[in-house]
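# Examination of the molecular architecture
Listed here are the chains, written in short residue letters.
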Amino acid sequence: MTASQALLPLVMARDGVAETITGPALSASVVPVVLVGLLCGRYIARIGAALVLACGYGLAMAANLSLDLLPPGPTTLFGMRIVHGVALGLVTPAAL
């Protein structure tokens with residue numbers, strides 16, 4: 001998931017989003033990753049790691065597809081990065 005985000009500034013520049021927006025948006029996923037990563041242990045214990053992993057991958061796919069399905073702009077970009085952060089917060093502990 002992280003490797004696919006390396007091209008995000010190029011994709012956003014192509015869609016006309018300024019670099020001053022893309023930079024902060026890339027870091028918008030940090031807080032959701034930490035919070036969800038700390039809180040998802042109970043869900044992993046309750047419903048199992050495989051289901052949490054599947055939910056995380058589903059959210060990551062939805063976040064990446066939103067770049068194609070929604071109009072480009074700061075709101076879409078920040079929303080996508082927050083959802084991507086939640087996905088990464090679910091996937092990392094469940095995979096470990």
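Everything here concerns the structure above.
I will try to describe carefully the structure that is included in this document.

What counts and what doesn't
Residues numbered from 1 in each chain as written. Predicted model: local features only at pLDDT ≥ 70, side-chain atom pairs only at ≥ 80, totals over all residues. Heavy atoms only, no water. Core = buried A, V, L, I, M, F, W, Y, C linked by side-chain atoms within 4.5 Å. Buried < 20%, exposed > 50% of the residue type's maximum accessible area, 1.4 Å probe, protein only. Helix = DSSP H or I, 4+ residues; strand = E, 2+ residues; numbered from the N terminus. Polar contact = N/O pair within 3.5 Å; in protein donor to acceptor, adjacent residues only side chain to side chain. Contact = heavy atoms within 4.5 Å.

## Here's the deal with the nonpolar core
With 8 residues, the main nonpolar core is built from L8, M12, V17, A25, A63, L67, L77 and M80. Counting 6 residues, the second-largest nonpolar core is a separate cluster that includes I44, V52, L90 and A94.

## Some remarks on the side chain of T22
Relative to the elements of secondary structure, T22 occurs in helix α2 (residues 19-26). On the basis of relative accessible area, T22 is assigned to the buried category, the value being 4%.

## Some details on the side chain of T76
By the secondary structure assignment, T76 is in helix α6 (residues 74-95). A distance of 2.8 Å separates the side chain of T76 from the backbone oxygen of P71, its partner in a polar contact. Contact partners of T76, with chain neighbours within four places excluded, come to S66, L70 and P71.

Note that every value here comes from positions in space, so none of it alone points to a role or purpose.
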